[in-house]
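Survey of secondary and tertiary structure
Here are the chains, one letter per residue:
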Amino acid sequence: MPLALLALAVGAFGIGTTEFVMMGLLPNVADDLHLSIPTAGHLVSAYALGVVIGAPLLAAVTARMPRRRVLIGLMGLFVVGNALSAAAPDYHLLTAARFVSGLPHGAFFGVGAVVATGLVGPERKARSVSLMFLGLTVANVVGVPVATLMGQQLGWRATFLAVSAIGIAAIAALALLVPADHGHGENPGLRGELRALRSLPVWLALGTTVAGFGALFAAYSYVTPMLTDSAGFAEAGVTLLLALFGVGATAGNLLGGRFADHSLRGTLFGGLGSLVVVLAFFPLLMRAEWSAAVGVTLLGMAAFTTGSPLQLMVMEKAAAAPSLASSANQAAFNLANAGGAWIGGLALAAGFGVTSPAVAGAGLAVLGVGVATVAYAVDRARPSAAGAERLVAEHVPGTGDRVNA
């Protein structure tokens, strides 16, 4: 695997750290700025809103630009957003800074996935995407706990300064390791990107992302009260359990990338099916500490097994112009985050018990399997279109043989 993937993983590590660290720093930020916890929680929503808006917008605006330059520019915006977060004097400016920090998130992963797959042969495309995403999952194991501890000891502003430093390191790695001319002559421009996004298979793949990861966040958003109120953990032990989730997510991400290179569709169905089973049994697993630890690990593994296959599937369905669709998949992931948490909260508010969000998540996972099945049926009914997608995906600009044929 090329070293350029390391540069992408460093950027993903920084993005993953700043996305999730705010959850751990909410009490510190609230105390410092004299806010209530629910009001401080809007800072999480501001970041997610930035991702949803920025992913398709920045991918579209930069459609004609060389992709290495785009990645460096996006990471530069990431550094600016986190530096502004560290310097923000009040809640309103901090909210704006968190929105700016979220803008490059989806486009970085979207364009980065296109770059990653272009650096390797067709038999290693899913693994290349999983190695980029490795930075995101490792951030949950190492980056978020360390950054949270730093914020608690040195102040939350120090955390965002440290994340900015990670962004600067990522810029240096991208400039040194990603080939300068990669993708320069291959970008179809905004019109081509928008045309590819009109495809029904692309939208079915995006729908699978929303349902599948919505299932994860329906349960994971409320995993702390499950661990304390049902499994019996003390609050101090929850941090270790969340690290186990990160370990499971990292393992699932690597396994998903390896298996998807052999069977993309089979890996996707296997991951979604595993997620249904884990979430359905989650209330039973939450009855004891040891089984809760196993359940949290399996939840991360099952969910992130589907990450690389879903990203690659969206890109293949928009093979002629993958950057915008790939970035839109990251927006879909964040919609899943918000929608899953909302649905899990409805189950709690209805009085179905502390573990009911997991059952609601199992229902969303079943929906994900259903959408993926419809997508499979559509592909089976469109063999000529599928062949055209493969032809475009395999064409190497400059040879002309396959296109002329």
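Residues numbered from 1 in each chain as written. Predicted model: local features only at pLDDT ≥ 70, side-chain atom pairs only at ≥ 80, totals over all residues. Heavy atoms only, no water.

**A word on the overall build of the protein chain**
Helices and strands together make up the secondary structure of the protein chain, namely 19 helices and 0 strands. Expressed as a percentage of its 405 residues, the buried residues of the protein chain come to 54%. A separation of at least 24 residues holds for 84% of the contacts in the protein chain among residues at least 6 apart in sequence. As displayed, the protein chain offers around 16300 Å² of accessible surface, 68% of which is attributable to carbon and sulfur atoms. (Helix = DSSP H or I, 4+ residues; strand = E, 2+ residues; numbered from the N terminus. Buried < 20%, exposed > 50% of the residue type's maximum accessible area, 1.4 Å probe, protein only. Contact = heavy atoms within 4.5 Å. Areas by Shrake-Rupley, 256 points an atom, 1.4 Å probe, with all protein chains shown as cover.)

**Brief notes about the environment of Arg258**
Mapped onto the elements, Arg258 comes out in helix 11 (residues 238-260). Judged by relative accessible area, which is 44%, Arg258 ranks as partly exposed. Through-space distance from the C-alpha of Arg258 to that of Arg124 is 7.9 Å; in sequence the pair is 134 residues apart.

**Some words on the packing of helix 6 (residues 125-154) against helix 15 (residues 307-317)**
It is the contact of helix 6 with helix 15, at a shortest axis distance of 9 Å, that shows an interaxial angle of 120 degrees. Considered as vectors, helix 6 and helix 15 are oriented oblique to each other. Like other packed secondary-structure pairs, helix 6 and helix 15 cross with a definite hand, here right-handed. Together, Lys125, Ala126, Val129, Ser130 and Phe133 of helix 6 and Gly307, Ser308, Gln311 and Leu312 of helix 15 make up the contact between the two elements. Its residues assigned to classes, the contact of helix 6 with helix 15 shows 4 nonpolar, 4 polar and 1 charged. (Axes fitted to C-alpha atoms, helices over the stretch in contact; angles between N-to-C directions. Parallel < 35°, antiparallel > 145°, perpendicular 65-115°, else oblique. Left-handed = near helix turned anticlockwise from the far one by under 90°. Nonpolar A, V, L, I, M, F, W, Y, C, P; charged D, E, K, R; others polar.)

**Remarks on the environment of Gly270**
The topology assignment puts Gly270 in helix 12 (residues 264-280). Put simply, Gly270 and Thr305 are 35 residues apart on the chain and 8.5 Å apart in space, counted from C-alpha to C-alpha.

**A look at the side chain of Thr18**
Inspection of the secondary structure assignment puts Thr18 in helix 1 (residues 4-33). Relative accessible area serves as the criterion here: at 0%, Thr18 is assigned to the buried category. Contacts of Thr18, omitting those with residues within four sequence positions, involve Tyr47, Phe78, Asn82, Arg98, Phe160 and Val163.

**Let's talk about the confidence of the model for the protein chain**
Low-confidence regions, as indicated by low pLDDT, have predicted coordinates that should not be scrutinised in detail. For the protein chain, the mean per-residue pLDDT works out to 85, and 90% of the residues sit at or above 70. A low-confidence stretch, residues 384-405 (pLDDT under 50), is modelled with 13 contacts involving residues beyond four sequence positions or located in other chains. (pLDDT = per-residue confidence, 0-100.)

**Focus: the nonpolar core**
Leu216, Leu227, Leu275, Leu279, Phe282, Val296 and Leu299 are the most contacted members of the largest nonpolar core, which has 58 residues in total. The leading source of residues in this core is helix 9 (residues 200-220), at 10 residues. Not counting residues up to four positions away in its chain, the partners in contact with Leu299 are Leu216, Phe245, Leu275, Val278, Leu279 and Phe282. One finds Phe78, Leu103, Val111 and Phe133 within the second-largest nonpolar core, a separate group that totals 36 residues. (Core = buried A, V, L, I, M, F, W, Y, C linked by side-chain atoms within 4.5 Å.)

**Let's talk about unusual backbone geometry**
With a phi close to 60 degrees, His34 is a non-glycine residue in the positive phi region. Relative to the assigned elements, His34 resides in the loop between helix 1 and helix 2 (37-40).

**Observations concerning the packing of aromatic side chains**
Taken as a whole, this structure holds 8 aromatic pairs when the rule is applied. Here the aromatic rings of Phe213 and Phe304 are separated by 5.7 Å at their centres, their planes lie at 75 degrees, and the arrangement is edge-to-face. With Phe213 in helix 9 and Phe304 in helix 14 (residues 289-305), this pair connects stretches of sequence that are 91 residues apart. Of the residues examined, Phe304 reaches a relative accessible area of 13% and is grouped as buried. Among the aromatic residues, those joined into a ring-pair cluster are Phe213, Phe217, Tyr220, Phe245, Phe304 and Phe333. (Phe/Tyr/Trp six-rings, centres within 6.5 Å; stacked < 30°, edge-to-face > 60°.)

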